[in-house]
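Understanding the architecture of this molecule
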Amino acid sequence: MQPTTKHRQSLSVWSAGLLLFAASSAIAASPEHQERHFTVQGHPVVVLQNVVNGRIEVKSWKNSEIVVSSTAAKDKVAIDMEQVGDRIDIAATSTVASGQPHEVEANFQLTVPEHTELQLKTQTGLIYVEQVTGDMKLESIAGDVHLKEVSGYIIVKTTGGSFVCTLCSGKLEFTSVSGNAQLLQPSFTNVNLMTTSGNILYDGDFSRTGIYTMKSGKGLVEVRFSGNDSFDLQAKTYSGVVDNQAAQFMQPEQHTSRHGNRFTRVLNRTVGLGFAKVEISTYSGTIRILKRD
Amino acid sequence: MHCKELESVLEAEGLGQLPKDARLHLATCGACQGLLADLNAIASAAKTIPAEMNPPERIWISLRAQLEAEGVIKEPVEAAEHSSWWQSFTALLRRRAFATASAGVVVVVLAVAVFVARIPHTPQAGAANNQPVTESPRAVPTQVVASVPSPTAPVVSLPSKGSAPSKVKELAPSPSESASFTLNQAELDVPNMQLAGNSQVDLALRQNLRTLNAFIAECELRLKENPQDELAREYLYTAYQQKADLLAAMMESGRGDN
């Protein structure tokens, strides 16, 4: 049967309608870019609570101004920004009443003065901070946290996200359930790392007055120290293995009487004059000690 | 010059060369001579103390407890700084109306602290366990350092408001069992939470909860066999803390609002 003219007209109207609907849906779902500028003085504080998913990237510059660029679906995410003095509060929340609010995404790019204190929280998506020297508290559930050339009192907390810190200094606290931690070329004076099932890698020097604690329940803890280092080492494990591949660079520890007991295997050693204090422990994971070439 | 003025001079000038007036007064005043002798003794003693000396943790705990008991500080200092597991835990309890369990939780907190403090350090019993500490590549003799019995940790007394510090009761309840029970009660709500199901976050939360539960079970079993294993206890309490944080995070993120 041949379609009549009336049928053709009807089909055209429906097609046009469908196209319009698809176009409008695409426009509504397309992410909206937003940029705000905040003038600050002294030591600014940025608090970002990303209740939805998304990436947060922070870089520094010399200007006394904070620039917040965000990208999010306009009809699904509400982004609120507020400045009180030198404090900037940013919150991204889902406006989706039902369904899957946690699939909603908001990405942020912040440019801040070097001495900015950061408090960033997200669900998934990378937190990346580069060349910021203020204290920071970074929290993520499933997202990774990467820091590069940052310093200050740094607190990182993840549930499953991993943590990589390159050329960082100051004091560090890291806790995670299953996330890994990698400290590459660090200059920290105080380090406290704890993960239940993740791995820990410390590849770098120990500050002479530093205190370093690294614990993993079931993961591998690997320490690669340099020939110039000077520290007292205590490595202890319940059922794991202490694999000391740098025994020839160590002496029995001389400074304190930290010992194990019948439940724990303990290795006490001194490198150099034993200035820093390095404590490594696992429950069932392996502890590996190496000297870098 | 009078005694009060001499004190002011000492306060301002220190113990170095004193002005003539002060010296004249000092020559005739026995009380001020005694004061100066005391100050010199303190200064000498201070010089013998190492520059870096950290007091034991128990000092801070006792000090904090005392200050809290006297109302000088309203909340634990540590809790203000970091979100401790009890902070998360109490938030969790608030949200989930575990009001009846709250009192029990407080008891558990104290019991944990007390229990840890009163664990006698076990005398060493030779080399440890089944797996060796391996050192390579040189022939430095493998050595598991013999442990030495350390002095029993002093009992930390946590004075309550308006009461004199008292000694800890010998028969404290098992803190790990109580904490485990309370956390498991909180976890009972998790299956009923409205989870997205396919999201990366929910998957991560659930997987990590399973990881923690498995690890907690392992540590609890270990402690049941060897109640004096401090390393297992340390890891167990850290796992409890992480589980409390995790449950609080799950509820905070709106999953518990069903």
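Residues numbered from 1 in each chain as written. Chains lettered and ligands numbered in written order. Predicted model: local features only at pLDDT ≥ 70, side-chain atom pairs only at ≥ 80, totals over all residues. Heavy atoms only, no water.

Quick look at the state of the cysteines
- Applying the stated rule across the entire model yields 1 disulfide over all chains.
- For Cys165(A), the disulfide goes to Cys168(A), at an S-S distance of 2.4 Å. Its torsion about the S-S bond being -125°, the disulfide of Cys165(A) and Cys168(A) is classed as left-handed.
- Given a relative accessible area of 1%, Cys168(A) falls into the buried group.
- With no disulfide of its own, Cys3(B) lies 3.6 Å from the sulfur of Cys32(B), the closest cysteine sulfur.
- Note on Cys3(B): relative accessible area 31%, which makes it partly exposed.
- In this model Cys32(B) remains outside any disulfide bridge; the closest cysteine sulfur is found in Cys29(B), 3.6 Å from its own. (Disulfide = S-S within 2.5 Å. Buried < 20%, exposed > 50% of the residue type's maximum accessible area, 1.4 Å probe, protein only.)

Quick notes on the side chain of Asn50(A)
All names here are of chain A.
- Checked against the element boundaries, asparagine 50 lands in strand S2 (residues 45-50).
- Judged by relative accessible area, which is 2%, asparagine 50 ranks as buried.
- At 3.1 Å, the side chain of asparagine 50 and the backbone oxygen of alanine 106 are in polar contact.
- Ignoring anything within four residues of it in the chain, the contact list for asparagine 50 reads Ile56, Ala92, Ala106, Phe108, Lys121, Thr122 and Gln123. (Helix = DSSP H or I, 4+ residues; strand = E, 2+ residues; numbered from the N terminus. Polar contact = N/O pair within 3.5 Å; in protein donor to acceptor, adjacent residues only side chain to side chain. Contact = heavy atoms within 4.5 Å.)

Overview of helix H2 (residues 20-28) of chain B
Residue and element names in this part refer to chain B.
- Looking only at H2, the buried set comprises Ala22, His25 and Leu26. Seen along its axis, H2 keeps its buried residues to an arc of 100°; they face one direction. Across from the buried face of H2, at angles greater than 90 degrees, the exposed residues are Lys20, Leu24, Ala27 and Thr28. (Arc of directions from axis to C-beta.)

Quick look at the confidence of the model for chain B
Residue and element names in this part refer to chain B.
- Put simply, chain B has an average pLDDT of 64, and 45% of its residues get 70 or more.
- Mean pLDDT across the elements of chain B ranges from a minimum in helix H5 (residues 77-81), with 41, to a maximum in helix H9 (residues 200-225), with 89.
- Across residues 76-83, confidence stays below pLDDT 50; counting only partners more than four residues off in sequence or on other chains, it has 14 contacts.
- Contacts for the low-pLDDT stretch residues 113-130, under 50 throughout, to residues beyond four places or in other chains number 39 contacts. (pLDDT = per-residue confidence, 0-100.)

A word on the pairing of strand S17 (residues 200-203) of chain A
Residue and element names in this part refer to chain A.
- Side chains of S17 alternate between two faces, with Ile200 and Tyr202 and Leu201 and Asp203 buried alike.
- Pairing of S17 with strand S19 (residues 221-225), which is carried by 4 bridges, proceeds in the parallel orientation. Bridged to tyrosine 202 within S19 is valine 223. (Pairing = 2+ DSSP bridges.)

As for helix H1 (residues 3-13) of chain B
Residues and elements named next belong to chain B.
- Along H1, the residues that are buried comprise Leu6, Val9 and Leu10. Down the axis of H1, the sector holding all buried residues measures 100°, keeping them to one side. Seen from the open side of H1, the exposed residues pointing more than 90 degrees away from its buried face are Lys4, Glu11 and Ala12.
- Immediately downstream of H1, the backbone of glycine 14 shows phi near 85°, a positive value.

Brief notes about the side chain of Glu57(A)
Residues and elements named next belong to chain A.
- You can see glutamate 57 is positioned in strand S3 (residues 56-61).
- Overall, the relative accessible area of 13% leaves glutamate 57 in the buried class.
- A polar contact of 3.4 Å, which involves the side chain of glutamate 57, links it to the side chain of glutamine 109.
- With residues up to four places along the chain from it excluded, the contact list for glutamate 57 reads Phe108, Gln109, Leu110 and Tyr128.

Section: the pattern of salt bridges
Residues and elements named next belong to chain A.
- This structure, assessed with the given rule, holds 15 salt bridges over all chains.
- Between arginine 87 and aspartate 89 there is a salt bridge; the shortest N-O distance is 2.8 Å.
- Overall, the relative accessible area of 36% leaves arginine 87 in the partly exposed class.
- A residue is classified by how much of its surface remains accessible, and aspartate 89, at 23% relative accessible area, is partly exposed. (Salt bridge = Lys/Arg side-chain N within 4 Å of Asp/Glu carboxyl O.)

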